[in-house]
Amino acid sequence: MITLFMAMLALSGCQTAPQKGLSPAQIAVLKQQGFELTDEGWAFGLSGKVLFGSDIESLNNASTEIVQRIGKALLGVGIERVRVDGHTDASGKEAYNEQLSLRRAKSVGKVLTGVGMKEENIKLRGLGSSQPVASNDTAAGRTENRRVSIVVIAD
């Protein structure tokens, strides 16, 4: 009986809990791709890199290539779950802006599924103009606010 107990104790010591959070290799890839640690996780703010024209929801070729590169890099290190947040400037009605921002998030999500990310692992949010990164009082500020963010949450 003591031998059985010792064997069980030894075997239980070999079990390790599954790792929570991101590995150092995953964090290194996130940093290499331009992600920054925020209160909500690792975020790639596409502002300055992937901007949308006024009332435009589709990505241009350069933006599509950036999202494809990011998606492939994330999948390459086993990051399979992301959140995509769409944003708008404050022009127009808020209800319309929320729908436009969601369509922007969907356009990025479509590119991510195109490189192999599963649709059910991509959470889409349309935040409208609720989280500006620049002043909506200037054309340059409004341009910065028409953006999408890709967020990786360590679970």
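Residues numbered from 1 in each chain as written. Predicted model: local features only at pLDDT ≥ 70, side-chain atom pairs only at ≥ 80, totals over all residues. Heavy atoms only, no water.

- The chain has the name OmpA family protein in an unreviewed UniProt entry, where Pseudomonas fungipugnans is given as its organism.
- Quoted verbatim from the Subcellular location (unreviewed entry) field of the UniProt record, the comment on the chain reads "Cell outer membrane". (UniProt positions renumbered as here; feature names shortened; annotations may be inferred.)

1. Focus on the nonpolar core
In step 1: Ranked by size, the top nonpolar core spans 23 residues in total, and within it Phe35, Leu74, Val82 and Val152 carry the most contacts.
In step 2: For this core, the elements supplying multiple residues, two or more each, are β2 (41–45), α3 (61–76), β3 (82–86), α4 (94–114) and β5 (148–152).
In step 3: Excluding anything up to four places from it in sequence, Val82 contacts Leu74, Leu112, Met117, Asn121, Ile122, Lys123, Ile150, Val151 and Val152. (Core = buried A, V, L, I, M, F, W, Y, C linked by side-chain atoms within 4.5 Å. Buried < 20%, exposed > 50% of the residue type's maximum accessible area, 1.4 Å probe, protein only. Helix = DSSP H or I, 4+ residues; strand = E, 2+ residues; numbered from the N terminus. Contact = heavy atoms within 4.5 Å.)

2. What to know about the sheet that holds β2
In step 1: Reading across from one edge, β1-β2-β5-β3-β4 is the order of the five strands in this open sheet, with mixed pairing throughout. Single-partner strands in this sheet number two, and they are β1 (36–38) and β4 (122–126). With direction set aside, neighbouring strand axes in the sheet form an average angle of 30°.
In step 2: One ladder, built from three bridges, connects β1 with β2; its direction is antiparallel. Across the sheet, the residue bridging to Thr38 is Gly41, located in β2. (Pairing = 2+ DSSP bridges. Axes fitted to C-alpha atoms, helices over the stretch in contact; angles between N-to-C directions.)

3. Focus: unusual backbone geometry
In step 1: Non-glycine residue Asp55 carries a positive phi angle of around 65°.
In step 2: Here Asp55 lies in the loop between β2 and α3.

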